[in-house]
Amino acid sequence: MVKMVSLSNKAYAELKDIKNIDESFSDVILRLLKNTKDIKQFAGILKDHKSELDLMEERITEDRKNNNGRYQ
């Protein structure tokens, strides 16, 4: 089954840059997903680094504002 997805121009360019000549975009996405780590392994990793957490939160908030709330 084929599904349509929308990508920003930047996301498309990033995928295109890492796409091998013999790969489809679906192949690239599946390859990237296969190489992801389980998010649970990072739980609590920054608990002793409050300033880093504050900076990350500020960046996430700013990104959400810049993306018109699409990720909220």
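Worth saying up front: this structure is predicted, and the values here are computed from it rather than measured.

### Topic: a nonpolar patch on the surface
- A grouping of Val-5, Leu-7 and Tyr-12 is seen on the molecular surface, where their side chains present a nonpolar patch of about 310 Å² in accessible area.
- Turning to its location among the elements, Val-5 is positioned in the segment before α1 (9-18).

### Observations concerning the packing of aromatic side chains
- All told, the structure shown has one aromatic pair when counted by the stated rule.
- When the ring centre of Phe-25 is taken as reference, the NZ or CZ atom of Lys-19 above it lies at 5.7 Å.

### Examining the confidence of the model for the chain
- The share of residues in the chain with pLDDT of 70 or more is 90%, and the mean pLDDT across the chain is 82.
- Element-level pLDDT for the chain is lowest in helix α3 (residues 50-66), with a mean of 82, against a maximum mean of 93 in α1.

### Digging into the environment of Leu-30
- For Leu-30, the location among the structural elements is in helix α2 (residues 25-34).
- Separated by 10 residues in the primary sequence, Leu-30 and Lys-40 place their C-alpha atoms 20 Å from one another.

### Focus: the environment of Asn-9
- Inspection of the secondary structure assignment puts Asn-9 in helix α1.
- Each C-alpha atom, one on Asn-9 and one on Asn-35, is 23 Å from the other, the two residues being 26 residues apart in sequence.

### Some thoughts on the packing of α1 against α2
- Axis separation between α1 and α2 bottoms out at 10 Å; the angle between their running directions is 85°. Classified by the angle between their axes, α1 and α2 sit roughly perpendicular to one another. Residues Tyr-12, Leu-15, Lys-16 and Ile-18 of α1 form the contact with α2, whose participating residues are Phe-25, Val-28, Ile-29, Arg-31 and Leu-32.
- Looking at the contact of α1 with α2 residue by residue, the class counts come to seven nonpolar, no polar and two charged.

Parameters and conventions
- For every chain, the first residue of the written sequence is number 1, and numbering continues from 1 along that sequence.
- Under the rules for a predicted model, residues below a pLDDT of 70 receive no local features and side-chain atom pairs below 80 are neither given nor counted, while totals for whole chains, interfaces and linings still include all residues.
- To obtain the side-chain values, all non-hydrogen atoms of the structure were used and water was disregarded.
- Only residues above 30% relative accessible area that lack a salt bridge enter a patch, with like-charged residues linked at up to 9 Å and the nonpolar side chains Val, Leu, Ile, Met, Phe, Trp and Tyr linked at up to 5 Å.
- Accessible surface is estimated by sampling points in the Shrake-Rupley manner with a 1.4 Å probe; for residues, cover comes only from the protein chains shown.
- What counts as a salt bridge is simple: a side-chain nitrogen of Lys or Arg found within 4 Å of a carboxyl oxygen of Asp or Glu.
- We count a stretch as a helix when DSSP gives it H or I for four or more residues in a row; a strand needs E for two or more, and each element gets its number in order from the N terminus.
- To pair, rings of Phe, Tyr and Trp, with the six-membered ring standing in for Trp, must have centres within 6.5 Å; the planes then decide the type, stacked if under 30 degrees apart, edge-to-face if over 60, and tilted in the middle.
- Here, a charge over a ring is recorded when the distance from Lys NZ or Arg CZ to the ring centre is within 6 Å and its angle to the ring normal is within 35 degrees.
- Confidence of the predictor at the level of single residues is captured by pLDDT, which takes values from 0 to 100.
- Interaxial angle, 0 to 180 degrees, is taken between N-to-C directions of lines fitted to C-alpha atoms, where a helix line uses only the stretch in contact.
- For this classification, under 35 degrees means roughly parallel, over 145 means roughly antiparallel, 65 to 115 means roughly perpendicular, and everything else is oblique.
- Working rule for contacts: check all heavy atoms of both residues, and any pair within 4.5 Å makes them a contact.
- Classification convention: Asp, Glu, Lys, Arg as charged; Ala, Val, Leu, Ile, Met, Phe, Trp, Tyr, Cys, Pro as nonpolar; all other residues, Gly among them, as polar.

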